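# Examination of the molecular architecture
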Amino acid sequence: MRRNRTGRPGDGEADGMRVWGGKAEAGVFLGVAFVAAGVLGSAQPATGIPPEVVQLTQFGPAAGVLAVALLWPGRIRTRLAGALPAREPGPAQGERKLWLLLTAPMVVVFAAGAYAWAHGDAVVTDPRALGHPFTLVVAAQLVGACGEEIGWRCFLQPLLSARFGPVAASLLVGLVWGAWHVGVFAQDPAYAAGFLVATVAMSLVLGLALERVRAGRLLLAGGFHTLVNLGMLLFMDEESGAVLPMVLFGAACLAAAVPWLLRTPADTITAARRGAP
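Just so it is clear, the structure is predicted and the values come from calculations on it, not from any experiment. (Residues numbered from 1 in each chain as written. Predicted model: local features only at pLDDT ≥ 70, side-chain atom pairs only at ≥ 80, totals over all residues. Heavy atoms only, no water.)

### Here we look at the overall build of the protein chain
Looking only at helices and strands, one finds ten helices and zero strands in the protein chain. Its helices and strands taken in sequence order, the protein chain reads α-α-α-α-α-α-α-α-α-α from the N to the C terminus. Relative to its full complement of 277 residues, the protein chain shows a buried share of 43%. Counting only carbon and sulfur atoms, one obtains 67% of the accessible surface of the protein chain, whose full area is about 14,000 Å². (Helix = DSSP H or I, 4+ residues; strand = E, 2+ residues; numbered from the N terminus. Buried < 20%, exposed > 50% of the residue type's maximum accessible area, 1.4 Å probe, protein only. Areas by Shrake-Rupley, 256 points an atom, 1.4 Å probe, with all protein chains shown as cover.)

What follows is the structure, given as structure tokens:
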């Protein structure tokens, strides 16, 4: 092994070891996230937990993060840096956080409005008709969304962004996130395409919005995810397999991603952080 004057591995070897380590962690995370989602989804009927309240598959990414933590316990704190609120807050970045949380209802309003115009009537579900207290649904949706986002936006996104930059990382995470919803591909191809456009576009929004946020990333990503899910639950009917609402949802997400991309500094778009793991 070639070493530098301090007796440590040379810079090239150290970089290679970090890259290999990152690939191994990403591989374990993805493998467990996909398998755990399938297992949890199959087990859900036996638990009696209504899927309209929370889908257990959402905790697949959390299981992937747990697997990485068990295999590489010394690295997980670094990997999840910024996921939780900090005791000593850093820069406020309040405007960025506010715009992120406002983007979610804007996506829903655009998609639902376009669907109402095309459909000839608005699709609205009374929260009282859900069969479960709406407060329970909201709380469970947030917990489920955080079960996903601790993997997608708090672990995988920073891991890839350090090597490829935030935009490329966001696109990759969005594609994986979409593919992880394997049931979507049993639907009409246009439905699946609309869904993939939505996941990639939302991943781009989240990746760019959270790139410089150093604390509270999990609740911000989970909050965005929850607001979108609740909006779709109350004002769209894409769960029926109808193609048009899903295509419009994808278009709305894409339109929402454009301003985030345009207002991102050029040096941030392609820059990968040095010392990529």
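### Notes on helix H6 (residues 166-180)
In a regular helix each residue adds 1.5 Å, so 15 residues correspond to 21 Å; H6 covers 20 Å between its end C-alpha atoms and thus fits that length. All buried positions along H6 are accounted for by Pro 166, Val 167, Ala 169, Ser 170, Val 173, Gly 174, Trp 177, Gly 178 and Trp 180. Taken end-on, H6 shows its buried residues confined to a sector of 160°, consistent with a single buried face. (Expected span 1.5 Å × (residues − 1). Arc of directions from axis to C-beta.)

### Points about the packing of helix H4 (residues 94-119) against helix H8 (residues 217-235)
Interaxial distance between H4 and H8 falls to 9 Å at its minimum, and their mutual angle equals 15°. Between H4 and H8, the interaxial angle falls into the category roughly parallel. Viewed along their axes, H4 and H8 form a crossing whose handedness is right-handed. Here Lys 97, Leu 100, Leu 101, Thr 103, Ala 104, Pro 105, Val 108 and Ala 112 of H4 come into contact with H8, specifically with Leu 220, Gly 223, Phe 224, Leu 227, Val 228, Gly 231, Met 232 and Phe 235. In the contact of H4 with H8, the residues fall into twelve nonpolar, three polar and one charged. (Axes fitted to C-alpha atoms, helices over the stretch in contact; angles between N-to-C directions. Parallel < 35°, antiparallel > 145°, perpendicular 65-115°, else oblique. Left-handed = near helix turned anticlockwise from the far one by under 90°. Contact = heavy atoms within 4.5 Å. Nonpolar A, V, L, I, M, F, W, Y, C, P; charged D, E, K, R; others polar.)

### Regarding the confidence of the model for the protein chain
Mean pLDDT over the protein chain: 87, with 86% of residues reaching 70 or higher. Here residues 1-7 is a poorly scored stretch, pLDDT under 50, and it has 13 contacts once near neighbours within four places are set aside; other chains count. Counting interchain partners and residues more than four positions distant, the pLDDT-below-50 stretch residues 12-17 has six contacts. (pLDDT = per-residue confidence, 0-100.)

### Some remarks on the state of the cysteines
Inspection of every chain in the model, using the stated rule, returns zero disulfides. Cys 146 takes part in no disulfide bond, and the closest cysteine sulfur to it belongs to Cys 154, at a distance of 8.2 Å. (Disulfide = S-S within 2.5 Å.)

### Details of the pattern of salt bridges
The final tally for this structure, using the stated rule, is five salt bridges. Ionic pairing is found between Asp 126 and Arg 128, a salt bridge with its closest N-O pair at 2.8 Å. Three or more residues are tied together by salt bridges with common partners; here these are Glu 25, Arg 75 and Arg 79. (Salt bridge = Lys/Arg side-chain N within 4 Å of Asp/Glu carboxyl O.)

### Quick word on the packing of H6 against helix H7 (residues 189-210)
Following both chains from N to C, one finds H6 and H7 inclined at 140°, their axes separated by 8 Å at the closest point. Between H6 and H7, the angle falls in the class oblique. Considering the relative orientation of H6 and H7, their crossing is right-handed. Seen from H6, the contacting residues are Pro 166, Val 167, Ser 170, Leu 171, Val 173, Gly 174, Leu 175, Trp 177, Gly 178 and Ala 179; seen from H7, they are Phe 195, Leu 196, Thr 199, Val 200, Met 202, Ser 203, Leu 204, Gly 207 and Leu 208. Residue composition of the contact of H6 with H7, grouped by class: 13 nonpolar, six polar and no charged.

### Remarks on the environment of Thr 199
Mapped onto the elements, Thr 199 comes out in helix H7. Spatially, the C-alpha atom of Thr 199 lies 7.0 Å from that of Leu 175, the residues being 24 residues apart in sequence. Excluding its chain neighbours within four sequence positions, the residues that come into contact with Thr 199 are Gly 174, Trp 177 and Gly 178.

### A closer look at the packing of aromatic side chains
Taken as a whole, this structure holds three aromatic pairs when the rule is applied. For the pair Phe 29 and Phe 155, a centre-to-centre distance of 5.2 Å together with 45° between the ring planes defines the contact as tilted. In this pair, Phe 29 sits in helix H1 (residues 11-47) while Phe 155 sits in helix H5 (residues 134-164), placing the two residues 126 residues apart along the sequence. Judged by relative accessible area, which is 0%, Phe 29 ranks as buried. Each ring, one from Trp 152 and one from Trp 180, has its centre 5.6 Å from the other, and the planes form 75°; the classification is edge-to-face. Residue Trp 152 is located in helix H5, and its partner Trp 180 is located in helix H6; the two are separated by 28 residues in the primary sequence. (Phe/Tyr/Trp six-rings, centres within 6.5 Å; stacked < 30°, edge-to-face > 60°.)

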